[in-house]
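Examining the three-dimensional arrangement
As a plain string of letters, each chain reads:
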Amino acid sequence: MTGKTAAAAARATVYGYPRQGQNRELKKAVEGYWKGRVTADALRSTAAELRGRNWRQLAEAGIHEVPTGDFSYYDHVLDTTVMVGAIPARHRAAVDASPLDGYFAMARGTQDVAPLEMTKWFDTNYHYLVPELGPDTVFTADSTKQVSEFKEALALGLTARPVLVGPVTYLLLAKPAPGVAADFDPLTLLDRLLPVYAEVLADLRAAGAEWVQLDEPALVQDRTPAELNAAARAYRDLGALTDRSKLLVATYFGRLGEALPVLAKAPVEGLALDFTEAGAANLDALAEVGGLPDKRLVAGVVNGRNIWVNDLEKSLATLGTLLGLADRVDVSASCSLLHVPIDATAERDIEPQILRWLAFARQKTTEIVALAKGLAQGTDTIAAELAANRADLASRAGSPITRDPAVRDRAAGVTEADSRRSQPYAERAAAQRAHLGLPLLPTTTIGSFPQTGELRTARADLRAGRIDTAGYEERIRAEIQEVISFQEKAGLDVLVHGEAERNDMVQYFAEQLTGYLATQHGWVQSYGTRYVRPPILAGDISRPEPMTVRWTTYAQSLTGRPVKGMLTGPVTMLAWSFVRDDQPLGDTARQVALALRDEVNDLETSGSSVIQVDEPALRETLPLRAADRPAYLEWATDAFRLSTSGVRPDTQIHTHMCYAEFGDIVQAIDDLDADVISLEAARSHMQVARELAAHGYPREAGPGVYDIHSPRVPSAQEAAELLRAGLEAIPAERLWVNPDCGLKTRGWPETSASLDSLVTAARTVREELRVGKQTK
């Protein structure tokens, strides 16, 4: 096909769309179902209405081919586990009794059965449920969800494309099931899994699907020859099927690299690639392999992970180059739009000038449609759109919001000494033990306590003017008093104030820093029914005044036990925001770090002896390619140390990380030079403790003994068993006892019972150590 003909055939599409609804209708329906207030039929009806609404909006915007199957009650990887029948044995009875309740049991667990492990979806803040596989796993096809949702779209008169997680990515994301040897490789199950995918593809073909999308984002990571051979075999076998739809293999989040020739040669009809800044190398690589002369290319030229308006002329230039490299070129976002809010026009509190710079999911579909039209019919047909886009880009580039000379001068003056504590860890540890006087196996929590309905109502009443600031603050003081009293009675050693005043661990700080913008409706799914509103990092960052000192000081005045000052670290402030794309991330991180350094120093001056600076996103933001990691880790660890290194030796610096794979960043964790680190470990059965030990990590650590992302309450015996497992890797004098993460999403009854188990476990094991020492 000639370039002109390929352009004439250009169509607009997307890989996926936000699931929750403009007003988070899905969250309310699912949580209502869990509480018994919403029936299963009502939940299904809400879900179907949301899917239909999404598809109609996409079609009305000009999207030619809508995705199906990307919608999920909880997680699309968990949906894939159901599709291929890889149900863990402990969940089988629940799934057989009620597929819907069994599905949620796998996601959240029950009082009697633990859930699947949860971790981050590549380098995003979305969490997926990790498949558990072993040599005895038997796969069985269940295409009910995929076929029924595809038929729903057809019934609306739409052209639709089912979207599935690809078989290679599914296996690469999996872990050995409990009881299976740790060195078991789930990819060895590929030949067993492919016939199941073949059956699902046949069912979709029978339902009328012309195209099926198979997502293989794992192939943008570094892959071994064996893994690339597995990908080649998978798509050789699936491509050879006679009873199937056309196959579009989609990759995103970066450059495809050595997997590109594999997929280019595979007997599939289409390939989707990322051509944004993250995947810029794909353009040259595609030319090097001779293009895709007999294939459809879906070009991801609109950033699906950030919220800035697209540079339409730049994207058109890329698309024009691609015309000569494929049989057909279609236009899309770089990945599913799951990772951005739904509609920027819902934001009433952002200045109109700044709102012009932003593109949420609905605005991105408009950009995609304009680009497809311009590619197919010529740029004259979108002249008005191009003129408006040029004005929006110029407005942002020339705005004083984006540059503060004082902030830039301060950042430029940072020295290496600013990022180093005044004494080495061993000397600090001795000073801290003498100063704090904590027992062996000290107990603490991660920071937040349950955000009750009363607290949320108080914040809503303040925003609506139903109560004044004084009334709101009195409610916060009362909550802090209750939280401190509860912790003292529970027997915790290092307390927290509970964060009653905070809406979100990033947004709370962003609202008090210059350079950030907050949204009112910019909700993005983090996991399950947990949605966050990432703030927008639009300009240079500074701290006009203290942000946490007042409430922390008040909490400390209520108790003689140490109360941790609680802050969110610079990397997480970036990772869980929509970050500016007009300067290097390291430069932005340094600005945030300096603002946090001021806060840390003020906390210490006000009497805080323990200060926690959370960095749960350190691993999440790790580049997917190993070659890109050293530069990232250098600026990320430098930023953390810059935040925390201005304190006295006897001030104890904590940090916290959760729900990620930590094994490949243990050296970076060491480089943070925090005195204590707490990490998620309950679902992964203390794996991180063993990784720290293997590295020779020399500082104190608190691998979690209580999984807070499940409603089940662990017994004291269960927590003690995890603690004993932690002691096999970390000496008692360096081991802390804590939950996996903050308690914000839990209710008070389960929190109270779980922390009672935690404290009882610590006392039990502490006594075992005392008796054992005496016996010796």
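The structure under discussion appears in the preceding block.
Here the residue numbering is sequential within each chain, running from 1 through the sequence in written order. Only residues with pLDDT of 70 or above have their local features reported here, since the model is predicted, and side-chain atom pairs are shown and tallied only from 80 upward, although totals for entire chains, interfaces and linings are computed over all residues. The side-chain numbers reported here are obtained from all heavy atoms of the structure, hydrogens and water having been left aside.

Our next topic: the sheet that holds strand 7 (residues 211-215). In this description, strands pair whenever DSSP reports at least two bridges between them. Secondary structure elements follow DSSP: runs of H or I of four or more residues count as helices, runs of E of two or more count as strands, with numbering from the N terminus. Overall, parallel pairing links the seven strands, which are arranged 1-5-7-8-9-10-11 in an open sheet. Every interior strand has two partners, whereas the edge strands, strand 1 (66-68) and strand 11 (326-333), have only one. For this sheet, the mean inter-axis angle between neighbouring strands, taken without regard to orientation, is 25°. Both strand 5 (residues 160-165) and strand 7 contribute to a ladder of three bridges, which runs parallel. Bridge pairing in strand 7 places Val-165 opposite Asp-215. We call two residues in contact when some of their heavy atoms are within 4.5 Å. Interaxial angle, 0 to 180 degrees, is taken between N-to-C directions of lines fitted to C-alpha atoms, where a helix line uses only the stretch in contact. Contacts from helix 7 (residues 144-155) reach strand 1 and strand 5 within the one sheet, and its direction differs from that of strand 5 by about 155°.

This part is about the sheet that holds strand 20 (residues 700-703). In space, the five strands of this open sheet follow the order 16-17-18-19-20, with parallel pairing throughout. Of all strands in the sheet, those bounded by a partner on one side alone are strand 16 (565-568) and strand 20. Neighbour-to-neighbour, the strand axes of this sheet turn through a mean angle of 20°, independent of strand direction.

Right, let's talk about the packing of aromatic side chains for a bit. Aromatic rings from Phe, Tyr and Trp, taking only the six-membered ring of Trp, are treated as a pair when their centres fall within 6.5 Å; an angle between ring planes under 30 degrees marks them as stacked, one over 60 as edge-to-face, and anything in between as tilted. The final tally for this structure, using the stated rule, is 16 aromatic pairs. Look at Tyr-33 and Phe-104: their rings are 6.1 Å apart centre to centre, the planes differ by 45°, and that puts the pair in the tilted class. Taken together, the residues span a long stretch of sequence, with Tyr-33 in helix 2 (residues 25-34) and Phe-104 in helix 6 (residues 99-108) at a distance of 71 residues. Think of it in three bands: with a 1.4 Å probe and only protein chains considered, a residue is buried below 20% of the maximum accessible area for its type, exposed above 50%, and partly exposed in between. Overall, the relative accessible area of 15% leaves Tyr-33 in the buried class.

With that out of the way, let us pick up the packing of helix 20 (residues 469-490) against helix 22 (residues 549-556). Across the interface, helix 20 lies against helix 22 with an axial gap of 10 Å and an inter-helix angle of 45°. Relative to helix 22, helix 20 is oriented oblique. The handedness of the crossing between helix 20 and helix 22 is right-handed. Taken together, the residues of helix 22 that come into contact with helix 20 (itself represented by Glu-473, Ile-476, Arg-477, Ile-480, Gln-481 and Ile-484) are Arg-550, Trp-551, Tyr-554 and Ala-555. Class assignment of the residues belonging to the contact of helix 20 with helix 22 gives a composition of six nonpolar, one polar and three charged. Should an angle fall under 35 degrees it is taken as roughly parallel, and over 145 as roughly antiparallel, whereas 65 to 115 is taken as roughly perpendicular and any remaining angle as oblique. Should the near helix be turned anticlockwise from the far one by less than a right angle, the crossing is left-handed, and should it be turned clockwise, the crossing is right-handed. Throughout, the ten residues Ala, Val, Leu, Ile, Met, Phe, Trp, Tyr, Cys and Pro are labelled nonpolar, Asp, Glu, Lys and Arg are labelled charged, and all others, Gly among them, are labelled polar.

This part takes up helix 28 (residues 716-727). Compared with an ideal rise of 1.5 Å per residue, which puts 12 residues at 16 Å, helix 28 spans 16 Å between its outermost C-alpha atoms and is within 8% of the ideal. For helix 28, the set of buried residues is Ala-719, Ala-720, Leu-722, Leu-723 and Gly-726. Buried residues of helix 28 fall within an arc of 160° about the axis and therefore sit on the same side. A helix is expected to span 1.5 Å for every residue after the first. In this context, the arc is that of the directions from the helix axis out to the C-beta atoms.

What follows deals with the pattern of salt bridges. Pairs can form between side chains of opposite charge once their charged atoms are near each other. The salt bridge criterion pairs a side-chain nitrogen of Lys or Arg with a carboxyl oxygen of Asp or Glu, the two atoms within 4 Å. Scanning all chains against the criterion turns up 59 salt bridges. Note that Asp-237 and Arg-236 form a salt bridge whose closest N and O atoms lie 2.9 Å from each other. For Asp-237, a relative accessible area of 28% translates into the label partly exposed. Residue classification places Arg-236 among the partly exposed positions, given a relative accessible area of 45%. In this structure, Asp-638 and Arg-641 form a salt bridge, with 2.4 Å as the shortest nitrogen-oxygen distance. With a gap of three residues between them, Asp-638 and Arg-641 both fall in helix 25 (residues 629-644), about one helical turn apart. Within this structure, Arg-396, Arg-408, Asp-540, Arg-580, Asp-581 and Asp-582 form a network of salt bridges that share partners.

Such coordinate-based values are descriptive only and should not be taken to indicate function.
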